[in-house]
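Breakdown of the fold
Take a look at the letters that make up each chain.
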Amino acid sequence: MRHKLKLVLVLVLCAWTTAAAQTDTVLIDPVSAAPVLPPPLPVTNLQAQDTDNDHGHAITLTWEKSADDGAGRNSVLAYEIFRWFPFQMDVVDALRKSVSETRDAVRAFRIDLPRAEHALRELREDPGKLRTLRFNVARPDDSTFQLTADYAIRALEDTIAFIREHGPILKNRIKPLQQDLEKALAELPQAYADYPRDGEWRSLGKALVGSTSYTNTGAKESTDKDFIPDYTDLYYRVEAITVDESIRSEAVTVGPVQSRGQWFHAGRVPVLGFVLMFFVFTLTFVQMAKKGANLYVRPLSGIEAVDDAIGRATEMGRPILYLLGLGDATQVSTIASFSVLGRVAKRVAEYQTSIIVPCYDPVVMAVAQEVVKSSYLDAGRSDDYKQESVFFVTNYQFAYVAAVNGIMLRERPATNIYMGKFMAESLLLAETGTLAGSIQIAGTDEIAQIPFFIVACDYTLIGEELYAASAYLGREPVLLGSLKAQDWAKVVIMAVALIGMLGTALGWPAFAQLLQVTG
Amino acid sequence: MSRLAVVVFVLICAAFALSWAVRAGVTGGDHALREAFLVTLSAFMTLAIMSFMYRDNPYYKFAEHLFVGISAAYWMCVGFWSTIVGNLVPRISENLSEFFKVPYSGGGLDFDLFFLPYRYFYMIPIVLGILLLMRLVPKAGWLSRWPLAFIVGTFAGLNLIRYLQSDFVNQISATFVPLFVEWHGFGDFIGQLSLAADGQFVAMMTNLIIFLGVLCGLIYFFFSKEHTGWFGGASRLGIWILMITFGASFGYTVMGRISLLVGRLTFLFRDWLGIMS
Amino acid sequence: MMKQQIPRLIVLVFGSFLLFQFFVPHESSEWIYEFLLDWNIIIGVFALAVGIWSLFNVHVEKIKIRKFGWKYSYVTVIGFVGMVTFGLTAQNGQEWGWFFPFLAAVVLTVLMIVQAGASKGNALLFLGAAAFFALAAAVIAWLDTTWSFYFQTAVPLQSFMFRRMFDNVLVSLHATMFSLLAFFIASAAYRAFRARNVMASLLLIAALVVMSRFNPYLEPIFGEQVSRLSNWLMNVPNLAAQRAVIMGVGLGMVATALKVVLGIERNYMGKG
């Protein structure tokens, strides 16, 4: 019985251990145990062409997706793009880096030398100045090191001697390095043409899964490390890669392809169309105006008030303050303001009132002086013109405002005219003008400042009205003709917007796409 | 200067001198006097400008004139270092670049343009700049028109095309909003009619309002026709929408402006007077 | 011809070039474009001298005719000269040495020149005084090694005095002027929000709605309605109006620029 019990126990034990052995988690080596992914299928129909509508130095690759991208084995993670680089590029890179580093070193020496010399002079005169030394003396890499005056003096002497010895050597090295760089760059096209000898494939980057194009954009400066030379044979390669980057498709190569700049940007044709439309409208209406056509323009209260305001100033014997804003002479709103200033100055000259024009920019001041002077000449009052009436204040926003505020409170102009580009100071100026009791007429195209002018000024010209003001004031047929052209352009905008909206509503996007400007 | 003005002046000087001394004592450490002086100077400038709110006074005039002088000089110094030394010198002369210790960019990779090194062409703007200086000579002032014509002409051409693209063509494209949003028939539209913000009705109304708003705004800026009848009505609607915009813009800016004042008051009460932590 | 025709030709040639350059992406066109922009920067540099001359001219004139507030013109001149001196010099160590006497000599030199320009009969006397102070300044600059003129690199822009004048004077003044807007916006709002007509009422209502959006006391009363209305105002009518204004402004700019390039608008060139 005892023997049978032992046998049963042994059998149970064997059975148990065998079962346990079968249910235990076995540690499997994932690499050796994982099923080996076959490489994905390569891309097809790989093409390379010069990127359109650019200044050159760019190539666009297009391809059809790998059959394993979103289908088939679905194993593609990305596409890696390679370009063939001749080893000559490494020579160019090394030379470029040398030139740059040598220049930096020479520059650093030039700054450090007088400082080191001065620091040495100070320490020799008074070693106690070690504490306030303004030069970083080279020290050993030891945290227990204590800097002493003697050590600092010796270190400074060594530094100065080093700079004096090596500075000229480095400086003389720059030109030969530059010449070598130029020579190496000149040899690049030939190096590219030697494909596939003396070069290697280098990765440019990856395109995401699902992509069918990639643009390799290089720098145009030959001294840049990303430089792609134009009119040079280039070769590209695309490989589909998986999660394990070592498993990748067969490489598909394309080339030779050359990059070059285009002479016409086809993506900007809509803009060209509108430019030509404007030209035609402007020239047509200007011709009509010259022939005596009656060109009606509706009244603008802000413009009509200018005459009254100038008259008021004359009666009160107080000057007119004209501000051209914070723009410089390159801004169109300032140019528009010059036109208005010319007409206002002419009326001021006729009424024999005075005008004050404080300017923010010296070039604007120069132009404003010309404008006001010729207005006085036109009015037959050239003797009344004072150059000091148009003057430069400062090129700092709030200093200008402070000065103009002071002028407003002291000179007490009867009329303030603000025409041009204004920023945060618009409210400060307008409120101070109100405090001074002036009539204020403002015109700006800055949308953020229009509310403040509307609130604080008597009359405000909003946006486009500023640009129409000179035509209103002068009433010259040529300018009125140009105003008509603007209005007809608005009609075109409204018509185009209506057609475009209807087209979008009816599912006809072609019209909207016509107006898309690329690049 | 009246006696009252003199007394006020003396009192103000005494008050600021006292605040300087107290500030120096509170600050302590190295350069306490110097740092306290600088803070007191800032506070004086701040209060001098703020006194403008009361009325024009000698302290405001002083601060204003100092502001103009220092700012003009600052602009000149920065212009000298960044434009003349930083931009002009490296392009025209290697020797000058060496003198000013700036990297000579013209010598990077020199090339010839019409058989002359291209950096020689930088002499043209220098000549134009000298012509600009002729403004200071009364009889030769007309010569300055040439550089002015260059500046104005260049940027007129540049801005013409730039604003045509950004403010004209791109804006027109953006106005092509769909009138019918997620349209599956009139029945479906009625069935789903609601005022939910992300609903079809609200989206369609939004697009319609934007489109009509743009049209009416443009009609308001029409100069060639009198604003009467239906045209006047559309123009009036346009200006109303413009006024809503300007009101919204005004309201939006108020908070920002108040925070500027809070900043200055914080400086006065905390950094100068030390009565705020 | 020289006074009128040549400037017009310059405007036409360069304006047209830059207009059509936009459509020519080729490198050579881009290179000329960048070259021309550089020219503008360089010419702008000379405008510095014209501006400073005008600034001094105005103040000399003010002092000469004893215009109201003429004494403050000296403050402008002193501030200007002081800041320029700080912008061209820097300490070599920690000591100041004779820097402040040098500064005083420079300021006095310029003040004497200004006085010479403004005086009615004693110009020579003031010029003599200016020469004396200039000589004193030159001697101090020659002998004192604790500070130097730095025409090499922008070391003076980081110098103690320049930075302090910028931080403690210029920045303070600038920030304070900016902060005055808080007062002015309140006074402007008070005057504007009197709802005299429909347009003013619309402006008032829109401004109130947007301002209320940030008010924590209104939320318990109105819930999210104010915030939603404010968002709607900013995103719908605001967008429409802004687009209309931008298009109008764009048209105006294009028309003005075209007039300038074609020579229709030539006010800025002057006559005679």
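A separate point is the overall build of chain C. Summing up its helical and strand segments, chain C has 10 helices and two strands in all. Ordered by position from the N terminus, the helices and strands of chain C form the series α-α-α-β-α-α-β-α-α-α-α-α. Against the 2.2 N^0.38 benchmark of 19 Å for 272 residues, chain C shows a C-alpha radius of gyration of 28 Å, more extended than a compact globule. With the principal axes as the frame, chain C shows a C-alpha extent of 75 × 60 × 45 Å. Counting the 272 residues in chain C, one finds 55% classified as buried.

On to the nonpolar core, then. Ranked by internal contacts, the top residues of the largest apolar core, which has 265 residues, are Phe278, Tyr322 and Val344 of chain A together with Phe168 of chain B. For this core, the leading source of residues is helix α3 (residues 58-92) of chain B, giving 17 residues. Setting aside its immediate chain neighbours within four residues, Tyr322 of chain A contacts Ser337, Val340, Leu341, Val344, Ile355, Ile356, Val357, Pro358, Ile417 and Met419 of chain A. Residues Val92, Phe227, Val238 and Val252 of chain A belong to the second largest nonpolar core, which totals 31 residues.

What follows concerns the sheet that holds strand β1 (residues 44-50) of chain A. Residues and elements named next belong to chain A. Read from one edge of the open sheet, three strands run β1-β2-β5, paired in antiparallel fashion. Single-partner strands in this sheet number two, and they are β1 and β5 (213-217). Neighbour-to-neighbour, the strand axes of the sheet open up by a mean angle of 15 degrees, direction not taken into account. Sheet topology places β1 next to strand β2 (residues 58-64); five bridges connect them, and they run antiparallel. Within β2, the position partnered with Thr44 by the bridge is Glu64.

All names here are of chain C. A contiguous patch of positive charge, built from Lys64, Arg66, Lys71 and Lys120, is present on the exposed surface. Here Lys71 shows up in the loop between α2 (27-64) and α3 (72-88). Lys71 sits in the exposed class, given a relative accessible area of 57%.

Turning our eyes to something else, we now look at the packing of α3 of chain B against helix α6 (residues 160-192) of chain C. The contact between α3 of chain B and α6 of chain C brings their axes to 10 Å, and the two run at 125 degrees. Overall, the two elements α3 of chain B and α6 of chain C adopt an arrangement that is oblique. As α3 of chain B packs across α6 of chain C, the resulting crossing turns out to be left-handed. Listed contacts from α6 of chain C to Ala63, Leu66, Phe67, Ile70, Ser71, Tyr74 and Cys77 of chain B of α3 of chain B are Phe162, Met165, Phe166, Val169, Leu170, Leu173, His174 and Met177 of chain C. Of the residues that constitute the contact of α3 of chain B with α6 of chain C, the class distribution is 13 nonpolar, two polar and no charged.

For the rest of this paragraph, the subject is the domain arrangement of chain A. Domains assigned within chain A are domain 1 (91-188), domain 2 (268-291 + 483-514) and domain 3 (301-475). Centre-to-centre separation of domain 1 of chain A and domain 3 of chain A, based on C-alpha positions: 56 Å.

With 117 residues of chain C in contact, the opposing surface of chain B contributes 108 residues. Interface of chain C and chain B: buried area, both sides summed, is about 10700 Å²; carbon and sulfur atoms make up 83% of it. At the junction of chain C and chain B, the tally comes to zero salt bridges. Our enumeration of links across chain C and chain B arrives at 10 residue pairs in polar contact (both at pLDDT 80 or more). For the side of chain C that touches chain B, the secondary-structure elements that each account for two or more residues are α1 (5-21), α2, α3, α6, α7 (198-212), α9 (225-235) and α10 (237-262) of chain C. Residue composition of the side of chain C that touches chain B, by class: 88 nonpolar, 22 polar and seven charged.

Here we come to the sheet that holds strand β12 (residues 439-444) of chain A. All names here are of chain A. Taking strand neighbours across the sheet as the criterion, the six strands line up as β10-β9-β8-β11-β12-β13 in an open arrangement whose pairing is parallel. The open sheet has two free edges, formed respectively by β10 (390-392) and β13 (459-462), since each of these has just one partner strand. Taken pair by pair, the neighbouring strands of this sheet meet at an average axis angle of 15 degrees, ignoring direction. As paired elements, strand β8 (residues 320-325) and strand β9 (residues 355-359) share two bridges and run parallel to each other. Within β9, the position partnered with Leu321 by the bridge is Ile356. Along the sheet, helix α8 (residues 332-351) contacts β8, β9 and β11 (415-421); its crossing angle with β8, the most-contacted strand, is approximately 165 degrees. Along the sheet, helix α13 (residues 464-474) contacts β11, β12 and β13; its crossing angle with β13, the most-contacted strand, is approximately 105 degrees.

Among the structural elements, Asn405 of chain A can be located in helix α10 (residues 397-411). The buried category is assigned to Asn405 of chain A, whose relative accessible area is 0%. For Asn405 of chain A, the residues in contact, after removing those within four places along its chain, are Leu428, Leu429 and Thr432 of chain A, Phe52 and Tyr60 of chain B together with Met177 of chain C.

This paragraph deals with the environment of Asp378 of chain A. The topology assignment puts Asp378 of chain A in helix α9 (residues 362-378). Looking at Asp378 of chain A, the relative accessible area reads 41%, which means it is partly exposed.

Residue Pro196 of chain A is bonded to the preceding Tyr195 of chain A through a cis peptide linkage, with omega at 0 degrees. With omega at 0 degrees, the peptide bond leading from Gly255 of chain A into Pro256 of chain A counts as cis. Inspection of the secondary structure puts Pro256 of chain A in strand β7 (residues 252-257). The backbone of Gln352 of chain A sits at a positive phi, close to 55 degrees, despite the residue not being glycine. Within the secondary structure layout, Gln352 of chain A lies in the loop between α8 and β9. Given the relative accessible area of 53%, Gln352 of chain A is considered exposed. Its identity as a non-glycine residue notwithstanding, Arg66 of chain C has a phi of 50 degrees, on the positive side. You can see Arg66 of chain C is positioned in the loop between α2 and α3. Looking at Arg66 of chain C, the relative accessible area reads 46%, which means it is partly exposed.

Conventions used here
Residues numbered from 1 in each chain as written. Chains lettered and ligands numbered in written order. Predicted model: local features only at pLDDT ≥ 70, side-chain atom pairs only at ≥ 80, totals over all residues. Heavy atoms only, no water. Helix = DSSP H or I, 4+ residues; strand = E, 2+ residues; numbered from the N terminus. Rg over C-alpha atoms; globule rule 2.2 N^0.38 Å. Buried < 20%, exposed > 50% of the residue type's maximum accessible area, 1.4 Å probe, protein only. Core = buried A, V, L, I, M, F, W, Y, C linked by side-chain atoms within 4.5 Å. Contact = heavy atoms within 4.5 Å. Pairing = 2+ DSSP bridges. Axes fitted to C-alpha atoms, helices over the stretch in contact; angles between N-to-C directions. Patch = residues over 30% accessible without salt bridge, like charges linked within 9 Å, V, L, I, M, F, W, Y side chains within 5 Å. Areas by Shrake-Rupley, 256 points an atom, 1.4 Å probe, with all protein chains shown as cover. Salt bridge = Lys/Arg side-chain N within 4 Å of Asp/Glu carboxyl O. Lys, Arg positive; Asp, Glu negative; His and termini not counted. Charge placed at Lys NZ, Arg CZ, Asp CG, Glu CD. Parallel < 35°, antiparallel > 145°, perpendicular 65-115°, else oblique. Left-handed = near helix turned anticlockwise from the far one by under 90°. Nonpolar A, V, L, I, M, F, W, Y, C, P; charged D, E, K, R; others polar. Domains from an automatic or database assignment. Buried area = accessible area lost by both parts, 1.4 Å probe. Polar contact = N/O pair within 3.5 Å; in protein donor to acceptor, adjacent residues only side chain to side chain.

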